[in-house]
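Analysis of the macromolecular model
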2 protein chains.
Amino acid sequence: MRGRAVVLLSGGLDSATCLAIAKRDGLTPTCLAVDYGQRHRCELDAARNIADAFDAELMVVSVDLRSFGGSALTENIDVPKGRNDSEIAGEIPVTYVPARNLVFLSLAVAQAEVLGAQDLYIGVNQLDYSGYPDCRNEFIEAFGAAANLATKAGVEGTRLRIQTPLIDMTKAQIITLGTGLGVDYAMTTSCYDPTQNGKACGGCDSCILRKQGFEQAGVPDPARYA
Amino acid sequence: MRGRAVVLLSGGLDSATCLAIAKRDGLTPTCLAVDYGQRHRCELDAARNIADAFDAELMVVSVDLRSFGGSALTENIDVPKGRNDSEIAGEIPVTYVPARNLVFLSLAVAQAEVLGAQDLYIGVNQLDYSGYPDCRNEFIEAFGAAANLATKAGVEGTRLRIQTPLIDMTKAQIITLGTGLGVDYAMTTSCYDPTQNGKACGGCDSCILRKQGFEQAGVPDPARYA
């Protein structure tokens, strides 16, 4: 064992793949899921199942980002549907949650410091993404610098490393890698606007990127669509 | 009016002074207090009174840092008492809360982005401090860089500024400035280990720094000590 890691686990396919990678890398992962007031709360159940499948601890921390508002993922704003690739890659959409990855990473740093974990995995990816600024490599690098200056661990010389193994991969590559590492993608949920009984809408940016990824990977998508 | 600001308000004397400075600077402040599971919860009542006194909005956001553990401020660990100046300025104490300012600043960035505020005030200070790494200027600068890369606001060109007006001031200078700006320090609470009826212990690092500050400023300390 190379030591402990913190893996930010959202219940989606990217973070599930990250967890599989942390295990492959010989680390003992503790997963962190954030209950931030998201409308699609089945994410948290998915995170629990995924952590269990990889025999990893899961901590759920609550922070009420809904009280700030400003996003279709936390407020009663319509999630855009049926957008094409150039629309998805275009301007930052209403599903952007202000400073979400900044807040999530900060919480993960707090947990890493308490656990003595040096590696922190986050499943961001700057290729097949939805135009969120906090998924880009330049943000991750700047955050890592700040995190090491913020913490007792960083000051005392145990440098924290922000691991972004998916950052330059396509969704298809992620799915191919994760399938090889034993990720059961039936457990993952990607939809921004699932139905009451937990089916994916099939039309939001996240569903579209997921469906394209499975198609390109030549792997059947186990998601249940409405 | 120059616009809106977010002021991190802890209920202590530094952040109360920051709020007074934001008002002096002609900004419309929204205060953010964080309920992070602190043992000294009278802080939150103090924050409410201070915000009201300055006719400023207050938002309290909850995030359970206690679930991570690792600090005397959130766990049942004894708060050190009666330490001298060199002990206080020495190694990082057990009252350090892992990544606290990183988490608080990230939440403030989320709020600033939703409000369209460009200025974010935090009352850190690297002189009369308790050896916390996240109170140093180099951390604040690195965080500001990361925050501007993380957010839609930063990407679209509205640069967020992290304002640390107290960073190079002594406690005495802060108290002198705040007194001139009308801060009622009787409303503020500094103690890490107050009694059940809200009196300050007088012996923790924070009480000692406060008492020395008032003494050096030649201003009576209105805190009620046990």
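Above this note sits the structure.
The following paragraphs examine the structure supplied in this document. Here the residue numbers are simple positions, counted from 1 along each chain's written sequence. A letter from A marks each chain and a number from 1 marks each ligand, given out in the order of writing. Reporting of local features is limited, given that this is a predicted model, to residues whose pLDDT is at least 70; pairs of side-chain atoms are given and counted only at 80 or more, and all residues count toward the totals for whole chains, interfaces and linings.

**Quick look at the relation of the copies chain B and chain A**
- C-alpha atoms of residues with pLDDT of at least 70 in both copies form the basis for the least-squares superposition of the copies. The transformation that overlays chain B on chain A combines an axial shift of 0.0 Å with a rotation of 180°, and the residual RMSD is 0.0 Å. Both chain copies can therefore be described as sitting about a two-fold axis. Ranked by how close their C-alpha atoms come to the rotation axis, the residues of chain B are headed by valine 63 of chain B, at 2.3 Å.
- The contact rule is simple: place each C-beta atom from the backbone, and if two of them lie within 7 Å, those residues are in contact. Interface overlap between copies is the fraction of interface residues in one copy that are interface residues in the other; for chain B against chain A it reaches 100%, indicating a shared surface.

**Some remarks on the interface of chain B and chain A**
- Each partner contributes residues to the interface: chain B has 39 residues there, and chain A has 39 residues.
- Contributing elements (two or more residues each) for the side of chain B that touches chain A: strand S3 (57-62), helix H4 (100-115), helix H5 (137-150) and helix H6 (152-155) of chain B.
- Tallying contributions element by element places H4 of chain B first for the side of chain B that touches chain A, with 10 residues.
- Three categories are distinguished: nonpolar for Ala, Val, Leu, Ile, Met, Phe, Trp, Tyr, Cys and Pro, charged for Asp, Glu, Lys and Arg, and polar for the others, with Gly belonging to the last. The residue inventory of the side of chain B that touches chain A, partitioned by class, reads 25 nonpolar, 9 polar and 5 charged. Runs of H or I in DSSP of at least four residues are treated as helices and runs of E of at least two as strands, each being numbered from the N terminus.

**Quick look at the packing of helix H4 (residues 100-115) of chain A against H4 of chain B**
- The convention used is that axes are lines fitted to C-alpha atoms, helices contributing only their stretch in contact, and that angles between N-to-C directions extend from 0 to 180 degrees. It is the contact of H4 of chain A with H4 of chain B, at a shortest axis distance of 9 Å, that shows an interaxial angle of 170°. When the axis of H4 of chain A is compared with that of H4 of chain B, the two are roughly antiparallel. Touching Leu102, Val103, Ser106, Leu107, Val109 and Ala110 of chain A of H4 of chain A are Leu102, Val103, Ser106, Leu107, Val109 and Ala110 of chain B, all from H4 of chain B.
- Partitioned by chemical class, the residues of the contact of H4 of chain A with H4 of chain B number 10 nonpolar, 2 polar and no charged. By definition in this entry, angles of less than 35 degrees are roughly parallel, angles greater than 145 are roughly antiparallel, angles of 65 to 115 are roughly perpendicular, and the rest are oblique.

**Regarding the sheet that holds strand S5 (residues 161-163) of chain B**
All names here are of chain B.
- The 5 strands lie next to each other as S3-S2-S1-S4-S5, forming an open sheet whose pairing is parallel. Sheet topology places S3 and S5 at the edges, where each strand pairs with a single neighbour. When strand polarity is set aside, the average angle formed by the axes of neighbouring strands in this sheet is 25°.
- Here a strand pair is declared whenever DSSP counts at least two bridges between the two strands. Pairing geometry for strand S2 (residues 27-35) and S3, over 6 bridges, is parallel.

**With respect to the sheet that holds strand S4 (residues 119-121) of chain A**
Residue and element names in this part refer to chain A.
- Strand order in the open sheet made by the 5 strands is S3-S2-S1-S4-S5, with parallel pairing throughout. The sheet terminates laterally at strand S3 (57-62) and strand S5 (161-163), the two strands that pair on one side only. The average undirected angle you get between the axes of adjacent strands in this sheet is 25°.
- Pairing between strand S1 (residues 3-8) and strand S2 (residues 27-35): 6 bridges, direction parallel. By the bridge assignment for S2, valine 7 is matched with cysteine 31.
- Relative to the sheet, helix H1 (residues 13-24) contacts S1, S2 and S4, its axis offset from that of S1 by approximately 175°.

**Structural notes on the nonpolar core**
- Core analysis: the biggest nonpolar cluster contains 130 residues, and Leu9 and Leu120 of chain A together with Leu9 and Leu120 of chain B have the highest contact counts within it.
- Dropping the residues within four chain positions of it, leucine 9 of chain A is found in contact with Ser15, Leu19, Cys31, Leu32, Ala33, Ala47, Ile50, Ala51 and Leu58 of chain A. Nonpolar cores are built from buried Ala, Val, Leu, Ile, Met, Phe, Trp, Tyr and Cys residues. These are joined into a set through C-beta atoms within 7 Å. Partly exposed residues are those falling between the two cut-offs: more than 12 but fewer than 20 other C-beta atoms within 10 Å of their own, whereas 20 or more means buried and 12 or fewer means exposed, with C-beta atoms placed from the backbone.

**Digging into the packing of H1 of chain A against helix H7 (residues 171-180) of chain A**
Residue and element names in this part refer to chain A.
- For the pair H1 and H7, interaxial distance at closest approach is 9 Å and the crossing angle is 45°. The angle between H1 and H7 falls in the class oblique. Taken as a pair, H1 and H7 cross one another with a handedness that is left-handed. Contact residues: Leu13, Asp14, Ala16, Thr17 and Ala20 in H1; Ile174, Ile175, Leu177 and Gly178 in H7.
- Considering only residue class, the contact of H1 with H7 consists of 6 nonpolar, 2 polar and 1 charged. A clockwise turn of the near helix away from the far one marks a right-handed crossing, whereas an anticlockwise turn of less than a right angle marks a left-handed crossing.

**Let's talk about the environment of isoleucine 208 of chain A**
- For isoleucine 208 of chain A, the location among the structural elements is in helix H8 (residues 205-217).
- For isoleucine 208 of chain A and aspartate 45 of chain A, which are 163 residues apart along the polypeptide, the C-alpha to C-alpha distance reads 22 Å.

**Section: helix H5 (residues 137-150) of chain A**
- Helix length check: H5 of chain A, at 14 residues, gives a terminal C-alpha distance of 20 Å against a target of 20 Å (1.5 Å per residue), a fit within 8%.
- With respect to burial, H5 of chain A is a largely interior element, 10 of its 14 residues being buried.
- Turning to H5 of chain A, its buried residues number three or more, namely Phe139, Ile140, Ala142, Phe143, Gly144, Ala146, Ala147, Asn148, Leu149 and Ala150 of chain A.
- Packing partners of the buried residues in H5 of chain A comprise H4, helix H6 (152-155) and S5 of chain A together with H4 and H5 of chain B. Expected helix span is given by 1.5 Å per residue-to-residue step, counting one fewer step than there are residues.

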